[in-house]
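Each chain is listed here by its residues.
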Amino acid sequence: MQLPKLNFSTEFDFKIKQDKDTFFIYDSVRKMWLVLTPEEWVRQHWVAYFLIIKAKNASSLILEQKLELNSTTKRLDLLVTHRTKAQILVELKAPNVKLTEKQFEQIARYNSVIEAPEIILSNGLQHIYAKYDDGQYRFELFEF
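Please read these numbers as outputs of a predicted model, since none were measured by experiment. Each chain has its residues counted from 1, running along the sequence as written. Totals for whole chains, interfaces and linings use all residues, but because this is a predicted model, local features are given only for residues with pLDDT of at least 70 and pairs of side-chain atoms are given and counted only at 80 or more. By convention in this description, side-chain values take in all heavy atoms of the structure and omit both hydrogens and water.

(A) Quick peek at the sheet that holds strand E2 (residues 22–27). Taken together, three strands build an open sheet; the order of strands is E1-E2-E3 and the sheet is antiparallel. Of all the strands in the sheet, just strand E1 (16–19) and strand E3 (32–35) have a single pairing partner and so form its edges. With strand direction ignored, the average angle separating the axes of adjacent strands in the sheet is 35°. Think of it this way: DSSP has to see at least two bridges between two strands before they count as a pair. In this text, helices come from DSSP runs of H or I with a minimum length of four residues, and strands from runs of E with a minimum of two, each type numbered from the N-terminal end. Strand direction decides the pairing type here: E1 and E2, joined by four bridges, are antiparallel. Bridge pairing in E2 places aspartate 19 opposite threonine 22. Between the N-to-C directions of two axes lies an angle of 0 to 180 degrees, each axis being a line fitted to C-alpha atoms and, for a helix, fitted only over the stretch in contact.

Right, dumping it as structure tokens:
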């Protein structure tokens, strides 16, 4: 399986296995093997980034949690917490998905429920980081 090199300053070592025609990647937070989709490839890079580079505890990472929004059930990709309080909401896309205003609006809607002070929108190649303050988002440069 040809996996794209993603835009992170560190190369992470992942456990990957193959069963017939399907590849799997080990999720060290959920302690299980997951089908290696392009979006999961990006998610596992972010998990490794927060665990290894930012030295977050695995218990502070919430992955693929259900979210009620306007009477519909959605799923957040990754939430980083600090002492159980939302800190960074991360919305992930596959590397071939172009990041647009539509995706930013999606994460902003999710954040209207989560209320994290920071958000990241990423397809693994491009990362958009913003802080939420005084009812508006401020985009900032962020080194990954």
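(B) How the structure looks around the nonpolar core. In this structure, Trp46, Phe50, Leu61, Leu78, Val90 and Ile120 are the most contacted members of the largest nonpolar core, which totals 24 residues. Elements supplying a minimum of two residues to this core: E2, helix H1 (38–53), strand E4 (61–69), strand E5 (72–82) and strand E6 (85–92). Ranked by the residues each element gives to this core, the list is headed by H1, at seven residues. In what follows, a contact means two residues having at least one pair of non-hydrogen atoms within 4.5 Å. Residues contacting valine 90, with those up to four places away along its chain left out, are Trp46, Phe50, Asp77, Leu78, Ile107 and Ile120. Counting residues in each nonpolar core, the second largest holds 15 residues, with Leu76, Leu79, Phe104 and Ala116 among its members. As used here, the term nonpolar core means buried Ala, Val, Leu, Ile, Met, Phe, Trp, Tyr and Cys residues forming a set that is joined through side-chain atoms within 4.5 Å. Three exposure classes are used, based on accessible area relative to the maximum for each residue type with a 1.4 Å probe and protein chains only: buried under 20%, partly exposed in between, and exposed over 50%.

(C) View of the side chain of histidine 45. Checked against the element boundaries, histidine 45 lands in helix H1. Using a relative accessible area of 7% as the deciding quantity, one classes histidine 45 as buried. Setting aside anything within four residues of it in sequence, one finds histidine 45 in contact with Leu6, Phe8, Phe12 and Phe14.

(D) Region of the structure containing the environment of leucine 78. Mapped onto the elements of the fold, leucine 78 is located in strand E5. Between the C-alpha atom of leucine 78 and that of valine 47, which follows or precedes it by 31 residues, the distance is 8.3 Å. Apart from the residues within four sequence positions on either side, leucine 78 is in contact with Trp46, Phe50, Leu61, Ile62, Leu63, Ile88, Leu89 and Val90.

(E) Inspection of helix H2 (residues 101–114) at higher detail. Taking 1.5 Å of rise per residue, the 14 residues of H2 would be expected to cover 20 Å, and the 20 Å separating its terminal C-alpha atoms lies within 8% of that figure. Listing the buried residues of H2 in full gives Gln103, Phe104, Gln106, Ile107, Tyr110, Asn111 and Ile114. Here the buried residues of H2 occupy an arc of 155° about the axis, which is enough to place them on one side. Relative to its buried face, H2 has exposed residues pointing more than 90 degrees away, namely Glu101 and Lys102. Where H2 is buried, its residues touch E4, E5, E6, strand E7 (118–122), strand E8 (127–133) and strand E9 (136–140). Count one or two residues on from H2 and you reach glutamate 115, which has phi positive near 65°. The length a helix should cover is 1.5 Å for every residue beyond the first. Picture the helix axis, draw a direction to every C-beta atom, and the arc is the one those directions span.

(F) Quick peek at the packing of aromatic side chains. Ring geometry is summarised as follows: Phe, Tyr and Trp rings, the Trp one being its six-membered ring, pair when their centres sit within 6.5 Å, and such pairs are stacked at plane angles under 30 degrees, edge-to-face over 60 and tilted between the two. Throughout the structure, instances matching the rule amount to twelve aromatic pairs. Judged by centre distance (6.2 Å) and plane angle (70°), the rings of phenylalanine 8 and phenylalanine 12 are edge-to-face. Exposure class is identical for phenylalanine 8 and phenylalanine 12. Each is buried. The positively charged end of lysine 15 is found above the aromatic ring belonging to tyrosine 26, 5.0 Å away from the centroid. Criterion for a charge above a ring: Lys NZ or Arg CZ within 6 Å of the ring centre, and within 35 degrees of the ring normal. Seen from the ring of phenylalanine 24, lysine 17 lies directly overhead, with NZ or CZ sitting 6.0 Å from the centre.

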